[in-house]
Amino acid sequence: MAENPFFAPSNLPYELPPFADIREEHYLPAFELGMAEQLAEVEAIAGSTEPATFDNTIAALERSGRILDRTATVFFSVAASNSTDGIMEIEKQISPELTRHGDAIRLNRALWARIKQVTTDDAEESWLLEKYRDDFIRAGADLSESEQARLRELNEELSKLSTRFSQSLLKASTESALVVTDPAELDGFDQAKIESLRKDGEYVLPLLNFTNQPGLAQLTDRDVRRRLYELSVGRAPGNFELAARMAALRAERAALLGFPNHAAYIVADQTAKTVEAVEEMLGQLVGPAVRNARKEAEALAEQAGFEIEPWDWSYYSEKVRQARYDFDGAEMRPYFELNRVYRDGVFFAATKLYGITFAERPDLGGYHPDVTVFEVFNEDGGRLGLFVLDPYARATKRGGAWMNNLVDQSFLFGQLPVVMNNLNVTKPASGPTLLTYEEVNTAFHEFGHALHGLFSQVRYPRVSGTSVPRDFVEYPSQVNEMWATWPEVLANYAKHHETGEPMPVSLVDKLTAAEKFNQGFKTVEYLAATLLDWAWHKLAPGETVADAEAFEAAALEAAGIAFALVRTRYRTNYFAHIFAGGYSAGYYSYIWSEVLDAESVEWFKENGGLTRANGDHFRGELLSRGGSLDPLTAFRNFRGREPSIQPLLTRRGLD
Ligand SMILES: [Zn+2]
């Protein structure tokens with residue numbers, strides 16, 4: 001056990017976790033020791049006979065649980081990106097234990113009594129102290145013993161259900177994959193794509209974790225499209241029941257904590273603050289979005305020459321795009337080679353804005369050979385942190401794209417950040433990796449989160465980097481998307497992978513024009529998911545749902561977003577954001593953040609775009625501040641005014 005790599009800080013640069021030394025059998029003992037160590041530390045803080053001060057209480061809590069923190073960070077990163085049966089077993093066992101552990105700290109009465117006695121005059125400390133008080137109250141610190149006992153049961157049950165939900169979803173991506181024996185059925189895919197799907201004499205197209213599978217845009221056989229679509233919307237059917245159970249338990253927990261429903265509980269500590277504020281915003285968007293989508297549907301039916309079905313939407317919208325804008329997404333891919341997109345696009349834009357530079361560190365590795373580590377430097381050559389990139393899809397990786405921290409920046413521990421981006425790009429059997437325009441956009445988006453982590457300049461880990469409210473965290477990442485099509489950036493990376501020729505200007509113009517197309521579809525599928533999340537989490541305590549599929553249909557109908565041709569981006573059974581991730585009653589966050597994003601994009605354009613001065617202003621007022629001050633104050637400091645919804649409405653064609 002002396003060799004367990006989690007027991008001591010990593011010796012690698014930036015304390016990058018020593019992945020090469022970590023084996024599955026290290027996790028459980030490290031979790032156990034980590035929890036025991038932190039409980040002992042907490043007992044010492046709670047039992048102190050000194051008067052409670054910021055340092056001996058709040059800062060002491062920040063310093064506690066180092067082994068647990070190291071272990072959990074690595075474990076959950078690997079569980080998301082490279083899970084095995086062994087990892088899944090550990091996750092099942094450890095998730096409820098971690099929930100119990102968190103409750104043991106936040107429901108510790110002696111500790112809570114001391115936190116209430118702490119005072120401080122320092123601004124950053126006083127913001128953190130408020131956060132702690134809020135965390136404890138929201139976790140039930142003020143409840144009676146019997147209420148707390150019920151709360152612990154609810155939390156543990158919810159954590160088990162959430163793990164089951166996510167694990168059955170991971171299995172469903174391959175178990176519900178489209179399988180064909182005759183490659184002719186895959187007509188529309190290019191030869192390389194078809195080859196990459198070949199497994200044991202069959203062709204297997206795994207499901208990505210959203211309704212509208214990318215293959216629907218290309219597959220020419222209508223019946224194959226229908227099968228793919230039905231597999232997509234029908235996957236993991238057992239999850240409907242888990243979701244209904246989770247929603248009921250969350251409603252009960254909200255009631256215990258003094259809220260009318262889970263949504264009200266969640267938004268109370270977000271920038272939105274109230275259910276009404278969220279609903280007022282969504283209310284402005286639903287009507288115009290559905291009208292736009294209906295108009296798009298008419299154009300598609302005209303193109304097809306018959307009444308289309310939901311599995312025809314992507315296929316004919318590609319056709320209309322080609323006809324109207326002479327735009328073919330496939331024409332772009334040769335100009336979007338993965339390495340070039342990063343080095344000459346994503347990194348290039350960051351260098352122009354912030355002066356930072358990147359050097360690959362082949363001597364440092366991740367948990368999989370496809371993971372690449374880059375060292376990041378400030379303009380003056382000073383060390384900034386590590387950026388770890390895991391671009392490829394694999395059967396052991398969950399769907400979607402995300403950023404996570406492997407090491408949090410904090411002055412408290414003198415630690416520089418190690419941040420990660422995960423994408424789900426299909427790895428070609430051979431040759432270069434060519435991206436779609438959507439994947440390029442995702443690369444810029446996730447890197448926006450990475451910058452938020454890398455630029456963090458805060459004292460305490462609790463408020464480091466992206467530790468901001470969910471309805472704020474998407475904002476910096478969305479802003480970074482603007483550079484994907486910024487002329488100077490695009491010209492630098494969009495070069496043909498064989499000839500090195502820049503992407504023809506005509507293609508660039510078409511890309512910009514075609515971006516406006518299909519906005520109705522995109523907004524409706526997003527809003528439907530948002531309103532579905534909302535309906536599940538506005539259940540009143542005691543209200544139960546026997547038929548989750550019927551509930552889903554009724555909820556979308558009632559919200560005015562039901563439209564047979566454009567289904568919700570996530571149905572209940574695969575809505576991992578809200579039943580397996582941290583976004584319950586929080587999926588609205590993306591469009592909420594987009595208000596700030598649209599405002600900020602306008603600011604950059606008004607001030608000359610891609611310049612060092614603009615980058616420094618955004619970095620100084622916003623990106624470097626993490627969660628160390630009120631997020632809307634940080635926004636106002638950056639933008640110089642209150643946010644308005646108008647730029648968003650214009651961008652989405654909703655005004
Ligand atoms: Zn994001």
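Residues numbered from 1 in each chain as written. Predicted model: local features only at pLDDT ≥ 70, side-chain atom pairs only at ≥ 80, totals over all residues. Heavy atoms only, no water.

Student: How do you make sense of the environment of Ala-247 when you look at a structure like this?
Tutor: Among the structural elements, Ala-247 can be located in helix H10 (residues 239-256). Given the relative accessible area of 2%, Ala-247 is considered buried. When the C-alpha atoms of Ala-247 and Ile-578 are compared, they prove to be 9.9 Å apart, with 331 residues separating the residues in sequence. With residues near it in sequence (within four places) discarded, Ala-247 still touches Trp-536 and Leu-539. (Helix = DSSP H or I, 4+ residues; strand = E, 2+ residues; numbered from the N terminus. Buried < 20%, exposed > 50% of the residue type's maximum accessible area, 1.4 Å probe, protein only. Contact = heavy atoms within 4.5 Å.)

Student: Can you walk me through unusual backbone geometry in this structure?
Tutor: Trans peptide bonds make up the majority, and among non-glycine residues the majority have a negative phi. For Asp-200, which is not glycine, the phi torsion reads 45° and is therefore positive. The residue Asp-200 is located in the loop between strand E2 (198-199) and strand E3 (202-205) in this model. Phi angles above zero are rare outside glycine, and Ala-585 is one such case at about 55°. With respect to the helices, strands and loops of the structure, Ala-585 is situated in the loop between helix H22 (576-579) and helix H23 (589-606). Of the residues examined, Ala-585 reaches a relative accessible area of 0% and is grouped as buried.

Student: When you look at the nonpolar core in this model, what are you seeing that I'm missing?
Tutor: In summary, soluble globular proteins display a tendency toward joint burial of nonpolar side chains. Phe-336, Phe-387, Trp-483, Tyr-493 and Trp-536 are the most contacted members of the largest nonpolar core, which totals 164 residues. In terms of residues, this core owes the most to one element, helix H12 (residues 275-304), which gives twelve residues. Among the nonpolar cores identified, the runner-up in size contains 29 residues, and Phe-19, Ala-72, Tyr-367 and Val-373 belong to it. (Core = buried A, V, L, I, M, F, W, Y, C linked by side-chain atoms within 4.5 Å.)

Student: What's the story with the packing of aromatic side chains in this structure? I'm lost.
Tutor: Two descriptors summarise a pair of aromatic rings, namely the distance from one centre to the other and the angle between the planes of the rings. Summed over the entire model, instances satisfying the criterion amount to 48 aromatic pairs. Ring centres of Phe-358 and Phe-447 lie 5.9 Å apart, and the angle between their planes is 55°; on these two criteria the pair is classed as tilted. Placement of Phe-358 in strand E4 (residues 357-360) and of Phe-447 in helix H16 (residues 437-454) is noted, with a sequence separation of 89 residues between them. Of the two residues examined, Phe-358 and Phe-447, each falls in the buried class. By way of ring pairs, the aromatic residues Phe-472, Tyr-475, Trp-483, Trp-486, Trp-603, Phe-604, Phe-618, Phe-635 and Phe-638 are connected into one cluster. A cation over an aromatic ring shows up here: Arg-398 above the ring of Trp-402, its NZ or CZ 4.0 Å from the ring centre. (Phe/Tyr/Trp six-rings, centres within 6.5 Å; stacked < 30°, edge-to-face > 60°. Lys NZ or Arg CZ within 6 Å of the ring centre and 35° of its normal.)

Student: Please clarify how helix H4 (residues 85-106) should be interpreted in this entry.
Tutor: Note that an α-helix has 3.6 residues per turn; residues three or four places apart therefore point the same way. Across its 22 residues, H4 extends 32 Å between first and last C-alpha, which sits within 8% of the 32 Å expected from 1.5 Å per residue. Ile-94 marks the point of greatest bend in H4, at about 30°, and the proline Pro-96 comes within the next four residues. (Expected span 1.5 Å × (residues − 1). Bend = angle between axes of the 7 residues up to and from the residue.)

Student: Please clarify how the sheet that holds E4 should be interpreted in this entry.
Tutor: Sheet strands pair by backbone hydrogen bonding; their relative direction is either parallel or antiparallel. Overall, mixed pairing links the five strands, which are arranged E4-E5-E6-E8-E7 in an open sheet. Here the strands that pair on one side only, and so sit at the sheet edges, are E4 and strand E7 (402-407). Strand after strand, the sheet turns through a mean of 30° between neighbouring axes, direction not considered. Bridge count between strand E6 (residues 383-392) and strand E8 (residues 418-425): six bridges; the pairing is parallel. Note that in E8 the partner of Val-388 across the bridge is Met-420. Most of the contacts of H16 go to E8, to which it runs at about 165°, and overall it touches E4, strand E5 (372-377), E6, E7 and E8. (Pairing = 2+ DSSP bridges. Axes fitted to C-alpha atoms, helices over the stretch in contact; angles between N-to-C directions.)

Student: Even after reading the chapter, I still don't get H16, so can you show me in this structure?
Tutor: For H16, built from 18 residues, the straight-helix expectation of 26 Å at 1.5 Å per residue is met to within 8% by its first-to-last C-alpha distance of 25 Å. Most of H16 sits inside the fold, with 15 of its 18 residues counted as buried.

Student: I tried to follow the coordination of the zinc ion on my own but got confused; where do I start?
Tutor: Expected angles at a metal are 109.5 degrees for tetrahedral coordination by four donors and either 90 or 180 degrees for octahedral coordination by six donors. Only His-445 (NE2), His-449 (NE2) and Glu-474 (OE) from the protein reach the zinc ion as donors, at distances of 2.1 Å. Spacing between the donor residues of the zinc ion along the chain follows H-x3-H-x24-E. Separated by 25 residues along the polypeptide, His-449 in helix H16 and Glu-474 in helix H17 (residues 470-480) bring together distant segments of the chain. Take His-449 and Glu-474: they sit in the same class, and that class is buried. (Donors = N, O, S within 2.8 Å, 3.2 Å for Na, K, Ca; no water.)

Student: Quick question: what am I supposed to make of the side chain of Asn-441 here?
Tutor: Along the chain, Asn-441 falls in helix H16. The class of Asn-441 is buried, set by a relative accessible area of 19%.

Student: Honestly, the sheet that holds strand E1 (residues 178-180) in this entry has me stumped. Any pointers?
Tutor: What the three strands build is an open sheet, ordered E1-E3-E2; its pairing is antiparallel. Of all the strands in the sheet, just E1 and E2 have a single pairing partner and so form its edges. Examined bridge by bridge, E1 and E3 share three bridges and lie antiparallel to one another. Paired with Leu-178 across the strands is Leu-205, a residue of E3. Along the sheet face, helix H9 (residues 222-234) touches E1 and E3 and points at about 145° away from the line of E1.

Student: Sorry if this is basic, but what is going on with the environment of Ala-268 here?
Tutor: Mapped onto the elements, Ala-268 comes out in the loop between helix H11 (262-267) and H12. Classification of Ala-268 by relative accessible area gives partly exposed; the value is 31%. For the pair Ala-268 and Glu-439, spaced 171 residues apart in sequence, the C-alpha to C-alpha distance is 34 Å. Not counting residues within four places of it along the chain, the set of residues in contact with Ala-268 comprises Arg-138, Phe-259 and Lys-273.

Student: Would you mind going over the pattern of salt bridges with me for this structure?
Tutor: Opposite charge on two side chains permits them to pair, given that their charged atoms come into close proximity. Enumeration according to the criterion identifies 46 salt bridges in this entry. The salt bridge partner of Asp-390 is Lys-397, with a shortest N-O separation of 3.4 Å. When sorted by exposure, Asp-390 lands in the same class as Lys-397, which is buried. A salt bridge links Glu-599 to Arg-641, with the shortest nitrogen-to-oxygen separation between them at 2.7 Å. In this pair, Glu-599 is assigned in helix H23 and Arg-641 in the loop between helix H25 (631-639) and helix H26 (646-651), connecting sequence segments 42 residues apart. Residue classification places Glu-599 among the buried residues on the basis of a relative accessible area of 0%. Look at Arg-641 and you get partly exposed, because its relative accessible area is 35%. Salt bridges here are not isolated pairs; linked through shared partners, they connect Glu-185, Asp-223, Arg-226, Arg-227 and Glu-230. (Salt bridge = Lys/Arg side-chain N within 4 Å of Asp/Glu carboxyl O.)

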